[in-house]
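Coordinate analysis (summary)
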Amino acid sequence: MSSFLNCQHCSHQIHVSAPACPKCGAPTAKASSPAVNVSNTIVWILAFAPLIGLILESFMAGALAQSEYDAAQAMASSKYWYISLILNIGLSAAEDARLKKEGFDTSSFGKFFFLVPVFLWKRAKAFNQSPAYFWTWIGMFLFATISTAFIGS
Ligand SMILES: [Zn+2]
């Protein structure tokens, strides 16, 4: 394997470890795509948190209601809405805390832990990742909202 490659800008031969071409200064592929090696386990759980929250809410409604009708009413009125809220914000805050502990800079998104979709979007941008977990969260949120509306009808 060659340890040299050609500059995409001026074709000058540059070493693979160089962040930029020494002749023309153009950044190499290595410098332009700094893929951050960071675990996405918590953000992927967070992406499904609206659905997990809905399931926890229905367990709570089932456990505390006197009848099936009461349980359905509790779900339709989002009586236990705070369970989803605590789950979502809790996971965001936990992820922010974990990243800080591992030495990552979370200054661009950490403060948005209570605005979960903003947190996910800005985290993806900060780490140069695909915002797939952001879109998954949006999809799960819509699904949970529509499901709640159907229970009420
Ligand atoms: Zn060059």
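Counting restarts for each chain, with residues numbered from 1 along the sequence as it is written. Residues qualify for local features only when their pLDDT is at least 70, as the model is predicted, and side-chain atom pairs are given and counted only at 80 or more; totals for whole chains, interfaces and linings, by contrast, use all residues. Only heavy atoms go into the side-chain values, all of them from the structure, while hydrogens and water stay out.

Fitted lines through C-alpha atoms give the axes, limited to the stretch in contact for helices. The angle between two N-to-C directions lies from 0 to 180 degrees. The secondary structure listing takes helices from DSSP runs of H or I that are at least 4 residues long and strands from runs of E that are at least 2 residues long, numbered from the N terminus. At a closest axis distance of 8 Å, the pairing of helix 3 (residues 49-64) and helix 5 (residues 81-101) adopts a crossing angle of 145 degrees. In the crossing of helix 3 with helix 5, the sense of the turn from one axis to the other is right-handed. In this structure, helix 3 contributes Ala49, Pro50, Ile52, Gly53, Leu54, Leu56, Glu57 and Met60 to the contact, and helix 5 contributes Trp81, Tyr82, Ile83, Ser84, Leu87, Asn88 and Leu91. Gly is put with the polar residues, along with every residue not named as nonpolar or charged; the nonpolar set is Ala, Val, Leu, Ile, Met, Phe, Trp, Tyr, Cys and Pro, and the charged set is Asp, Glu, Lys and Arg. For the contact of helix 3 with helix 5, the residue count by class is eleven nonpolar, three polar and one charged. Crossing handedness is defined as follows: a turn of the near helix away from the far one that is anticlockwise and smaller than a right angle gives a left-handed crossing, while the clockwise case is right-handed. A contact between two residues is defined here by any heavy atoms of the two lying within 4.5 Å.

Moving on, we get to the UniProt feature "transmembrane region" (unreviewed entry) in the chain. UniProt positions are given in the numbering used here, feature names are shortened, and annotations may be inferred rather than shown by experiment. Following the UniProt record, the feature "transmembrane region" (unreviewed entry) maps to residues 42-65 and 132-152 here. The annotated region residues 42-65 carries 92% helix and 0% strand content, and the separation between its end C-alpha atoms amounts to 32 Å.

The subject of this paragraph is the packing of aromatic side chains. Two descriptors summarise a pair of aromatic rings, namely the distance from one centre to the other and the angle between the planes of the rings. Centre distance within 6.5 Å is the pairing criterion for rings of Phe, Tyr and Trp, where only the six-membered ring of Trp is used; planes under 30 degrees apart are then read as stacked, over 60 as edge-to-face, and the remainder as tilted. For the structure on display, the rule yields eleven aromatic pairs. Each ring, one from Trp44 and one from Tyr133, has its centre 6.0 Å from the other, and the planes form 85 degrees; the classification is edge-to-face. Placement of Trp44 in helix 2 (residues 41-47) and of Tyr133 in helix 7 (residues 132-152) is noted, with a sequence separation of 89 residues between them. When a residue's accessible area, from a 1.4 Å probe over protein chains only, is under 20% of the maximum for its type it is buried; when over 50% it is exposed; and in between it is partly exposed. Here Tyr133 falls in the buried class, since its relative accessible area comes to 2%. Put simply, the rings of Phe104, Phe109, Phe119 and Phe127 pair up and form one aromatic cluster.

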